[in-house]
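What the coordinates show
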Amino acid sequence: MSSVNSGYEGGGRTRALFSGLGAIGRVLSMVAITILGLLAVTFFISRVVPIDPVLAVVGDRAPPHVYERVREEMGLHLPVWQQFAIYVTNVLSGDLGTSVLTSRPVAQDIARYFPATLELATLGTLIGTVLGVPLGVLAAVRRGHFIDHLVRVVGLVGYSAPIFWLGLLGLLVFYANLGWVGGPGRLDISYEYMLTPVTGMVLVDAALTGDWAVFRNAISHIVLPASLLGYFSLAYISRMTRSFMLNELSQEYIITARVKGVSEQRIIWGHALRNALVPLITVIALSYAHLLEGSVLTETVFAWPGLGRYITNSLQNADMSAVLGGTLVIGVVFVAINILSDLLYRLFDPRTR
Amino acid sequence: MKEQAPLLEVENLNVRFHLRTGTVEAVRGVSFSLGRERLGIVGESGSGKSQTGRAILGLTPPPGEITADRLTFDGIDLLSIPRRQLRNLRGGRMTMVMQDPKYSLNPVMTIGDQMIEAYRAHKRASRKEAREKALEMLEAVQMRNPGRVFSLYPHEASGGMGQRAMIAMMLVTDPDFLIADEPTSALDVTVQQEVLRILDRLVAERGMGLIFVSHDLRLVSSFCDRVLVMYGGKVMEELASGDLESAHHPYTRGLMNCLPALEGSAHPLPTLRRDPAWTE
């Protein structure tokens, strides 16, 4: 608006563009520093843990000269800071190293495993948000009544029940006994190789190619683990929504709306929730980021080939390139989600513009 | 003007809050009636002056309980009226301006949108008509550039501007009755006068009934026709503004004496002596 009124239309726009570029530059340099710091910490931790990556490759019966040669091939004889510099240079050129465990480039592995996690986490967060926010609102509005207590109990169970136990129980009831859902894995064996990966997310790929049989099968597999993760984020999101809503409903602008004779529904959903959404963005983003790290337990129970399971397996096998690569991806995801929630903040809160 | 039934009749109004720690009686047996005139309610913090206003609008917060022998607006019994109709009265025919526009305006909606909402809650009108009406109203509260104020968010407006926008919003439906609850207490002294002048003019032009709630005795007596002095939830005294000097009640006299004179030294400043017997 300011550029239109100023009369210096071109100048205003150029200035806006430059300030935009400046902001982007600031964000990018901050991202770079964050990721570098994350890599450094992970790298040095990986070098001080008492597991020997050389042994992981050659086995503990290899003769000393073989051991030494492999050690040199892996660059482990160099000073640590030099090793780190080499690693960062490689990463910048897109080389995350080779996994000892799968003998494939780590980048390729991650391209395979991350979409599975992304798919599961996105669906889980969607379920948690779509159900959690309205439940939290209702709990706040009907404070102290039945629905409030119900939401609290549901949240408490969500917080305290071990997820692997709920997962096994879910599989037992809905898969083994009732047969309502698909079992572990992303697809039935018979569908497994029918799909050419485009995004790596089975649901998206199936929809893109119009293969609805695969799509339905993928849904039947993902619905149980996604609901489980969704339940956990629901527990968190509904509780936070409740407290944000209670805070907003006690504000004076709510009285103003009542004085104006605005309907109660509009006061709740249009005024209070609209304001509560601002802090809620952070909560939902955090819960999403948390799921994107890969939920090791859920992925293990449901044989879900996701990032969490990949990193855990790699760690247990001293596969440091894979661990570092996975950590890097998680770091990038965290930063990306933070940037996204900042942008949403600007959208929802005029005071931050 | 022909004699008509009063706009607002309040008889023996009580507001109680039943809390876990006991019952708080915020308003106790308040009675008054109001025509299309200006009534000031004065009192210190906790005297029940604000709760009296809220009770009339049916906005007493949840654990509160209202009882009255009579509480009518234009002959309509506010105690037995269905909630929906009460909501139609509220904002449509009776309204309120609160203390601080910083808190009483919704921070994530533009002033214009909030005004349109107020108008359309009561009148069948397109967004465009509502917008015209809102701009007209913003002009009536002497905004220099109504179009700009219309598209501002509350945090972008100054205190005086925000309060004038608030007044514009609350009067956009042409109500008959306004409660102004400390409308200038949060503003700079320099803009207080301006806001009061605008309020004064609008109330006079539209022939509205006004309850002006304040702790400022002098301000209220200069602005209103009559003054109700409250203490501890009870009315201590009701008098015409002109008769303030001849007030009888010791509490009112005490308040008057506490006003420091500009001329001459008055050390030590007198303090207010409160008698527990007043609230018995």
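Residues numbered from 1 in each chain as written. Chains lettered and ligands numbered in written order. Predicted model: local features only at pLDDT ≥ 70, side-chain atom pairs only at ≥ 80, totals over all residues. Heavy atoms only, no water.

Thoughts on the nonpolar core
- Among the nonpolar cores identified, the biggest contains 92 residues, and Leu8(B), Phe32(B), Ile56(B), Phe177(B), Ile211(B) and Phe212(B) are the most heavily contacted of them.
- For this core, the element with the highest residue contribution is helix 7 (residues 159–171) of chain B, accounting for 8 residues.
- Of the domains in this structure, domain 1 (1–93 + 177–187 + 206–280) and domain 2 (101–174) of chain B are the two that each give at least three residues to this core.
- Phe212(B) has contacts with Leu39(B), Gly40(B), Ile41(B), Ala180(B), Pro183(B), Leu196(B), Leu199(B), Leu219(B), Val220(B), Phe223(B) and Cys224(B), leaving out every residue within four places of it along the chain.
- Of all hydrophobic cores here, the second largest spans 51 residues; its members include Val106(A), Ile163(A), Leu229(A) and Ala285(A). (Core = buried A, V, L, I, M, F, W, Y, C linked by side-chain atoms within 4.5 Å. Buried < 20%, exposed > 50% of the residue type's maximum accessible area, 1.4 Å probe, protein only. Helix = DSSP H or I, 4+ residues; strand = E, 2+ residues; numbered from the N terminus. Domains from an automatic or database assignment. Contact = heavy atoms within 4.5 Å.)

Notes on the interface of chain B and chain A
- Facing the 28 residues of chain B at the interface are 20 residues of chain A.
- For the chain B and chain A pair, buried surface summed over both sides reaches about 2100 Å², with 60% attributable to carbon and sulfur atoms.
- Looking only at chain B, the three residues that lose the most surface to chain A are Arg87(B), Val108(B) and Glu117(B), adding up to 27% of its buried area.
- Applying the counting rule to chain B against chain A returns 2 salt bridges.
- A salt bridge links Glu117(B) to Lys260(A), with the shortest nitrogen-to-oxygen separation between them at 3.0 Å.
- Here the side of chain B that touches chain A is built from residues that sort into 16 nonpolar, 7 polar and 5 charged. (Buried area = accessible area lost by both parts, 1.4 Å probe. Salt bridge = Lys/Arg side-chain N within 4 Å of Asp/Glu carboxyl O. Nonpolar A, V, L, I, M, F, W, Y, C, P; charged D, E, K, R; others polar.)

With respect to the sheet that holds strand 9 (residues 209–214) of chain B
Residues and elements named next belong to chain B.
- Pairing is mixed across the open sheet formed by 6 strands, whose spatial order is 7-8-9-3-10-11. One side of each edge strand has no neighbouring strand; the edge strands of this open sheet are strand 7 (94–97) and strand 11 (234–240). Averaged over all pairs of adjacent strands, the angle between their axes in this sheet comes to 20 degrees, without regard to strand direction. (Pairing = 2+ DSSP bridges. Axes fitted to C-alpha atoms, helices over the stretch in contact; angles between N-to-C directions.)

Examining the pattern of salt bridges
Residue and element names in this part refer to chain B.
- Inspection of the entire model under this criterion finds 27 salt bridges over all chains.
- Residues arginine 70 and glutamate 9 are paired through a salt bridge, measuring 2.9 Å at the closest nitrogen-oxygen approach. Of the two residues, arginine 70 is situated in strand 5 (residues 70–73) and glutamate 9 in strand 1 (residues 8–19); the sequence distance between them amounts to 61 residues.
- Measuring nitrogen to oxygen at the nearest pair gives 4.0 Å for the salt bridge that ties lysine 133 to glutamate 136. One end of the pair is lysine 133 and the other is glutamate 136, both in helix 5 (residues 127–140) and 3 residues apart, which spans about a single turn.
- With relative accessibility at 52%, the residue glutamate 136 sits in the exposed group.
- Connected via shared salt-bridge partners are Arg36, Asp74, Arg93 and Asp176.

Here's the deal with the pairing of strand 8 (residues 177–181) of chain B
Residues and elements named next belong to chain B.
- Burial within strand 8 is extensive, with 5 of its 5 residues counted as buried.
- Here strand 8 shows no split at all, with Phe177, Ile179 and Asp181 on one side and Leu178 and Ala180 on the other all buried.
- Direction of pairing for strand 7 relative to strand 8: parallel, over a ladder of 4 bridges. The residue bridging threonine 95 from the neighbouring strand is leucine 178, located in strand 8.
- Pairing of strand 8 with strand 9, which is carried by 5 bridges, proceeds in the parallel orientation. Bridge pairing in strand 9 places isoleucine 179 opposite isoleucine 211.
- Tracing the backbone out of strand 8, into helix 8 (residues 189–206) and back to the parallel element strand 9 gives a crossover that is right-handed. (Right-handed = clockwise from strand over helix to strand, strands pointing away.)

What to know about the packing of helix 6 (residues 106–141) of chain A against helix 15 (residues 320–348) of chain A
Residues and elements named next belong to chain A.
- Orientation of helix 6 relative to helix 15, taken along the N-to-C sense of each, is 50 degrees, at an axis distance of 10 Å. Taken together, the axis directions place helix 6 and helix 15 in an arrangement best described as oblique. Between helix 6 and helix 15 lies a crossing of right-handed hand. Within the contact between the two elements, helix 6 uses Val106, Ile110 and Phe114 and helix 15 uses Ser321, Ala322, Gly325, Gly326, Val329 and Val333.
- Class assignment for the residues of the contact of helix 6 with helix 15 results in 6 nonpolar, 3 polar and no charged. (Parallel < 35°, antiparallel > 145°, perpendicular 65-115°, else oblique. Left-handed = near helix turned anticlockwise from the far one by under 90°.)

Examining the side chain of Thr42(A)
- Looking at the element boundaries, Thr42(A) is found in helix 2 (residues 9–48).
- Filtering out sequence-adjacent residues up to four positions away, Thr42(A) remains in contact with Leu324(A) and Thr327(A).

Regarding the confidence of the model for chain A
- Here chain A averages 86 in pLDDT, while 94% of its residues score no lower than 70.
- Confidence over residues 1–12 of chain A falls short of pLDDT 50; this stretch has 3 contacts with residues more than four positions distant or in other chains. (pLDDT = per-residue confidence, 0-100.)

A look at the environment of Ser341(A)
Residues and elements named next belong to chain A.
- Looking at the secondary structure, you find serine 341 in helix 15.
- Sequence separation between serine 341 and threonine 102 is 239 residues; the distance between their C-alpha atoms is 35 Å.
- Ignoring any residue separated from it by four or fewer positions in sequence, one finds serine 341 in contact with Ile281 and Ala285.

Some details on the domain arrangement of chain B
Residue and element names in this part refer to chain B.
- The domain architecture assigned to chain B consists of domain 1 (1–93 + 177–187 + 206–280) and domain 2 (101–174).
- Residue-level contacts link 10 residues of domain 1 with 8 residues of domain 2.
- For the pair domain 1 and domain 2, the two sides together bury roughly 720 Å², of which 55% comes from carbon and sulfur.
- For the domain 1 face of the interface with domain 2, the top three residues by lost area are Gly92, Leu187 and Arg206, together amounting to 54%.
- The salt bridge partner of arginine 206 is aspartate 174, with a shortest N-O separation of 2.9 Å.
- Connecting domain 1 to domain 2 are 7 residue pairs in polar contact (both at pLDDT 80 or more).
- With 5 residues, helix 2 (residues 83–92) is the single largest residue contributor to the side of domain 1 that touches domain 2.
- Of the residues belonging to the side of domain 1 that touches domain 2, the class tally is 4 nonpolar, 3 polar and 3 charged. (Polar contact = N/O pair within 3.5 Å; in protein donor to acceptor, adjacent residues only side chain to side chain.)

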